[in-house]
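Fold and geometry: a report
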Amino acid sequence: MMKWLHTMASSAWFYRFSGKMIPWLMGIFGVLFLVGLYGGLVAAPADYQQGDAFRIIYIHVPAAWMSLFIYIVMAVYGFIALVWRIKLAEVLLISSAPIGAAFTFLALVTGSLWGKPMWGTWWSWDARLTSELLLLFLYWGVIGLYAAIEDKRTASRAVSILTLIGVVNIPIIHYSVEWWNTLHQGSSVTLTDKPSMATEMLIPLLVMATAFKVYYAISLLIRTRAELVEREPNSKWLKQVIEENNHE
Amino acid sequence: MNKMTPFHDVYSLISSEFLVAFRHRYEALNPLLFFVLVCLLFPLGIGPSPQLLNTIAPGIIWAAALLAILMSLSNVFRAEYDDGRLELMVLANHSLVLLTTIKLLAHWCLNVLPLILLSPIIASALGMSFDVQITLILSLLLGTPVLLLVGTTVSTLTLVIPQNGMLLALLVLPLYVPVLIFGTSAVNATAAGMSAAGPLYVLAALCVLSLTLSPFAIVSAIKIGVSQ
């Protein structure tokens, strides 16, 4: 098990493997994204209350799911990096942070665009909005701390600990803010109950959510490859990879 | 030498912390003055209407306490890190978790406790009634250790960065939100004539949680800082 983990974690193996994966993932993403968009914007019926304005959920909800999902994934990378000292996990962690921040920002912007016609305001001090904003600050904190420390190995370990502190705090922050104030409509999709949403509206949403996950994978692989090259510019494996590419 | 029990070490560490603070006694006053000044800014900025001030008093006092602790965070290990004492602490044949906890206890007594003792005076100036003040003190007693422990964990991570004030605020303030919310809602509940037990219990739980987890996180952060 550990041996397998270490082979996977070697920069050379990862670089070659991700290079092969990216085109496939791009294809899957393209299909899912187009199907999801068509399903959401054309095929799904208009909401009886919100009309066509509800269609923003096909961006908003997957982005909001991703914002939390990526932070948790980062914490897992952080744990792996601290416990097994796997360099690749550090790189994956820090490469995830800007993507997660971007999804959080997207969720906030689309939510506020939707809120203007629906609630009559761009921003309300509602529980989920506020905790999403705090999540954005947590992401900025991770990016800021990594950027501020010169030595990147030290920076990665510091960021790993920070992410773990953050992930312990996220539920506490979430419930405290919920306690503080709530106005947001309840979740339409939960794992345990039957979703309170028509099936033809729900399917495009799930397709879009999957498309966003694949997009995250693509973006993460590309960023991690770049970061690996940047960190180990004179390494042996990189020269080998470049030679292989020249032969082809 | 066989009299050097762990209790002896704990005692000598605490007394040295207090001695250092006593030698710099004017510096020790700074968090307190900062706290009072921040509290003073709000009436000056908002206007002297007693009703309005009474409504926002819990928020003012809590936010001021939170900022005062944030400002004091960079002092916890900074001097030790700069002159190399921190490395000696890591190398010393003692539990680093214990050393850290003692250091934080001393820091809390010196920098935070005076501020809690002073808070009733500011609270009465803002028109808070006596029983509300008692809840305020209780909430501060339970909440400020959380702020100090969580803040120190993060500030230790930034030890290797020379000018870290702004970054530290960015990293720490989002994590302070729960304590602020439960602290002020305890005080507000009492002011509205309801029981403050709920938020106070949550604060107590957060206090126990951070007391058990933070020292270990701080120790691993110290090791990262020292190893560089």
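Only a predicted model underlies this, so the values are computations on that prediction, with no experimental measurement involved. (Residues numbered from 1 in each chain as written. Chains lettered and ligands numbered in written order. Predicted model: local features only at pLDDT ≥ 70, side-chain atom pairs only at ≥ 80, totals over all residues.)

**Some words on the overall build of chain B**
- The helix and strand inventory of chain B stands at 10 helices and zero strands.
- Its helices and strands in sequence order give chain B the pattern α-α-α-α-α-α-α-α-α-α, from N to C terminus.
- Once the C-alpha set of chain B is aligned to its principal axes, its extents read approximately 60 × 35 × 30 Å.
- Within chain B, contacts between residues separated by at least 24 positions form 79% of all contacts whose residues are at least 6 apart in sequence. (Helix = DSSP H or I, 4+ residues; strand = E, 2+ residues; numbered from the N terminus. Contact = placed C-beta atoms within 7 Å.)

**Describing the overall build of chain A**
- Along its length, chain A carries eight helices and zero strands.
- Taken from the N to the C terminus, the helices and strands of chain A come in the order α-α-α-α-α-α-α-α.
- The burial tally for chain A puts 34% of its 248 residues in the buried class.
- In chain A, the share of contacts with a sequence separation of at least 24, taken over all contacts with a separation of at least 6, comes to 78%. (Buried ≥ 20, exposed ≤ 12 C-beta atoms within 10 Å, placed from the backbone.)

**Comments concerning the interface of chain B and chain A**
- In this assembly, 20 residues from chain B lie in contact with 23 residues from chain A.
- Residue assignment for the side of chain B that touches chain A shows that the elements contributing at least two residues are α8 (130-157), α9 (165-191) and α10 (197-227) of chain B.
- For the side of chain B that touches chain A, the leading source of residues is α9 of chain B, giving nine residues.
- Here the side of chain B that touches chain A is composed, by residue class, of 16 nonpolar, four polar and no charged. (Nonpolar A, V, L, I, M, F, W, Y, C, P; charged D, E, K, R; others polar.)

**A word on the nonpolar core**
- Formed by 114 residues in total, the largest nonpolar core has its most connected members in L145, A158 and L162 of chain A together with I61 and A65 of chain B.
- Residues in contact with I61 of chain B, not counting those within four places in the same chain, are C39, S119, I122, A123 and L136 of chain B. (Core = buried A, V, L, I, M, F, W, Y, C linked by C-beta atoms within 7 Å.)

**Describing the confidence of the model for chain B**
All names here are of chain B.
- Scored by pLDDT, chain B has a mean of 88; 97% of the residues are at 70 or more.
- Taken element by element, the predicted model of chain B shows its lowest mean pLDDT in helix α2 (residues 25-28) (78) and its highest in α8 (93).
- With a pTM of 0.86, the predicted complex shows an ipTM of 0.84. (pLDDT = per-residue confidence, 0-100.)

**Observations regarding the environment of I94 of chain A**
All names here are of chain A.
- In this structure, I94 sits in helix α4 (residues 87-119).
- Residue classification places I94 among the buried residues on the basis of 26 C-beta atoms within 10 Å.
- Sequence separation of I94 and M74 is 20 residues, and the distance between their C-alpha atoms is 7.9 Å.

**Side note on the confidence of the model for chain A**
- The share of residues in chain A with pLDDT of 70 or more is 88%, and the mean pLDDT across the chain is 83.
- When mean pLDDT is taken per element in chain A, helix α3 (residues 57-84) of chain A scores highest with 91 and helix α1 (residues 2-9) of chain A scores lowest with 64.

**Thoughts on the packing of α3 of chain A against helix α5 (residues 127-148) of chain A**
All names here are of chain A.
- At their nearest, the axes of α3 and α5 sit 11 Å apart, and the two run at 45° to each other. With respect to their mutual orientation, α3 and α5 come out oblique. Handedness of the α3/α5 crossing: left-handed. For the pair formed by α3 and α5, the contact residues are A64, S67 and Y71 on the first element and E132, L135 and L138 on the second. (Axes fitted to C-alpha atoms, helices over the stretch in contact; angles between N-to-C directions. Parallel < 35°, antiparallel > 145°, perpendicular 65-115°, else oblique. Left-handed = near helix turned anticlockwise from the far one by under 90°.)

**Some thoughts on the environment of L228 of chain A**
Residue and element names in this part refer to chain A.
- As for its position among the elements, L228 is in helix α7 (residues 199-231).
- Separated by 107 residues in the primary sequence, L228 and T121 have C-alpha atoms spaced 44 Å apart.
- Other than its neighbours up to four places away in sequence, L228 contacts S11, Y15 and V91.

**Re the environment of I203 of chain A**
All names here are of chain A.
- For I203, the location among the structural elements is in helix α7.
- Residue classification places I203 among the partly exposed positions, given that 17 C-beta atoms sit within 10 Å.
- Considering only alpha carbons, one finds I203 and A44, 159 residues apart in sequence, at a separation of 9.1 Å.

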